[in-house]
Amino acid sequence: MNISSYQERELIKIASEFKKHLKNKFPKMKSSSSGIDQGFIYKFKALFYEVQAHPWDSESDSIINKYKLELEAMGDQIRNFFLIFRFYLQKAFPYESDLCEAYGYVQLERVIHNYDELGDFLENTVNLINEKRLLLKAANCPECTLDEIINLSTQIKEVHEEFLEYLQKKELLNSAYQNNMKELFKLMEIVHEAASKNLQDDPESLRHLTLPPPKEYIH
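Caption draft 1: View of the packing of helix α1 (residues 8–30) against helix α2 (residues 40–52). At a minimum axis separation of 10 Å, α1 and α2 run at an interaxial angle of 160 degrees. One way to sum up the angle between α1 and α2 is to call them roughly antiparallel. Relative to α2, α1 is oriented so that their crossing is left-handed. Contacts between α1 and α2 involve Ile12, Ala15, Ser16, Phe18, Lys19, Leu22, Lys23 and Phe26 from the former and Phe40, Ile41, Phe44, Lys45, Phe48, Tyr49 and Val51 from the latter.

Caption draft 2: Expanded view of the nonpolar core. Core analysis: the biggest nonpolar cluster contains 33 residues, and Ile78, Phe82, Phe85, Leu89, Leu118 and Phe121 have the highest contact counts within it. Those elements that place two or more of their residues in this core are α3 (57–92), α4 (97–102), α5 (105–111), α6 (115–138) and α7 (143–198). Looking at which element gives the most residues to this core, the answer is α3, with nine residues. Listed in part, the 29 residues of the second largest apolar core include Phe18, Phe185, Leu209 and Leu211.

Caption draft 3: How the structure looks around α3. Its 36 residues place the ends of α3 51 Å apart at the C-alpha level, agreeing with the 52 Å of an ideal helix rising 1.5 Å per residue. Residues Ser60, Ile64, Tyr67, Leu71, Met74, Gly75, Ile78, Arg79, Phe82, Phe85, Tyr88 and Leu89 constitute the buried set of α3. Where α3 is buried, its residues touch α4, α5, α6 and α7.

Caption draft 4: Structural detail: α1. When the terminal C-alpha atoms of α1 are compared, their 27 Å separation across 23 residues is substantially less than the 33 Å that a helix rising 1.5 Å per residue should span. For α1, the principal kink sits at Asn24 and spans about 65 degrees; a proline, Pro27, occurs within the next four residues.

Caption draft 5: Structural detail: a nonpolar patch on the surface. Taken together, the side chains of Leu83, Ile84 and Tyr105 make up a nonpolar region of the molecular surface, amounting to roughly 250 Å² of accessible area. Tracing the backbone through its elements, the reader meets Leu83 in helix α3.

Caption draft 6: Main features of the packing of α6 against α7. Viewed as axis vectors pointing N to C, α6 and α7 meet at an angle of 155 degrees, and their least axial separation amounts to 10 Å. Put simply, α6 runs roughly antiparallel to α7. For α6 against α7, the interelement crossing comes out left-handed. Where α6 abuts α7, its residues Tyr115, Asp116, Leu118, Leu122, Thr125, Val126, Ile129, Asn130, Arg133, Leu136 and Lys137 lie against Glu143, Leu146, Asp147, Ile149, Ile150, Ser153, Ile156 and His160. Classifying every residue of the contact of α6 with α7 by side-chain character gives 10 nonpolar, four polar and five charged.

Caption draft 7: Focus on the environment of Phe81. If you trace the backbone, Phe81 turns up in helix α3. Relative accessible area serves as the criterion here: at 21%, Phe81 is assigned to the partly exposed category. Apart from the residues within four sequence positions on either side, Phe81 is in contact with Thr145, Glu148, Ile149 and Leu152.

Caption draft 8: Representation of the pattern of salt bridges. Counted according to the given criterion, the structure contains 13 salt bridges. Between Asp76 and Arg79 there is a salt bridge, with the nearest N and O atoms lying 2.7 Å from each other. Separated by three residues within a single helix, Asp76 and Arg79 lie in helix α3, roughly one turn from each other. Classification of Asp76 as partly exposed rests on a relative accessible area of 40%. In this structure, a network of salt bridges that share partners links the residues Arg133, Lys137, Glu143 and Asp147.

Thresholds applied
- The residue numbering used here restarts from 1 in each chain and proceeds along that chain's sequence as written.
- Two thresholds apply to this predicted model, a pLDDT of at least 70 for residue-level local features and 80 or more for giving and counting side-chain atom pairs, whereas whole-chain, interface and lining totals are computed over all residues.
- Side-chain numbers here rest on the full set of heavy atoms in the structure, without hydrogens or water.
- Every angle, taken between N-to-C directions, lies between 0 and 180 degrees, and every axis is a line fitted to C-alpha atoms, over only the stretch in contact when it is a helix.
- Every helix listed is a DSSP run of H or I at least four residues long, and every strand listed is a run of E at least two residues long, numbered separately from the N terminus.
- Small angles under 35 degrees read as roughly parallel and large ones over 145 as roughly antiparallel, with 65 to 115 read as roughly perpendicular and the rest as oblique.
- Crossings are classed by handedness, with left-handed meaning an anticlockwise turn of the near helix from the far one by less than a right angle and right-handed meaning a clockwise turn.
- Working rule for contacts: check all heavy atoms of both residues, and any pair within 4.5 Å makes them a contact.
- For our purposes a nonpolar core is just a set of buried Ala, Val, Leu, Ile, Met, Phe, Trp, Tyr and Cys residues, chained together by side-chain atoms within 4.5 Å.
- Each residue is placed in one exposure class: buried if its accessible area under a 1.4 Å probe, protein chains only, is under 20% of its type's maximum, exposed if it is over 50%, and partly exposed if it falls in between.
- To estimate the expected span of a helix, count its residues, drop one, and scale the result by 1.5 Å.
- We define the bend at each residue as the angle formed by axes fitted to the 7 residues ending at it and the 7 residues starting at it.
- Patches were defined on residues exceeding 30% relative accessible area and lacking a salt bridge, with like-charge contacts within 9 Å and nonpolar side-chain contacts (Val, Leu, Ile, Met, Phe, Trp, Tyr) within 5 Å.
- Note on areas: Shrake-Rupley, 1.4 Å probe, and residue coverage restricted to the protein chains presented here.
- When a carboxyl oxygen of Asp or Glu lies within 4 Å of a side-chain nitrogen of Lys or Arg, that pair is called a salt bridge.
- Polar here means any residue other than Ala, Val, Leu, Ile, Met, Phe, Trp, Tyr, Cys and Pro, which are nonpolar, and Asp, Glu, Lys and Arg, which are charged; Gly is therefore polar.

Pasting the structure below:
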């Protein structure tokens, strides 16, 4: 028997059946199985509940999609403000083409979907705004535009960091889930072997406490 031969959802359904019927047949199976000790049922149930509580990919994908949409929406907003900012930057520094190019719309588009690079770009932009605010104001750049760029830069950084933390947490949870599934399957194999030896005269219990042929779960 191999865990990879079973679909995860089906394996959890089988484990649920094991959990329901294990207690009643525990004494009979325990007598002939060295792998089944007094704490076996507790360990089995604990692993089962850990595995059952793990969020499925559809739920996780929904959260990831939410973060992506939020970041994209803020990216669209920052684009709009940069059109205004670019105009007044050129107006305030007409002879500094390198400066205007470094903070221009083309440069923003280059990094808009790479949030690490975007974060650096916006941090440099905020530093420029703080350094040149008086000159930008003298060129009639609206202060609200400058403030919105600063605010959005902070928001994008915070949401991106939160997104990265979620992805890291998801990776750790997935790793723990896979380990728990492997451990649970080992216990299921022990139950399967013990039931196969001791419950031949009880076909109904045998059906609930043995693994079905893997081929039934292969697509």
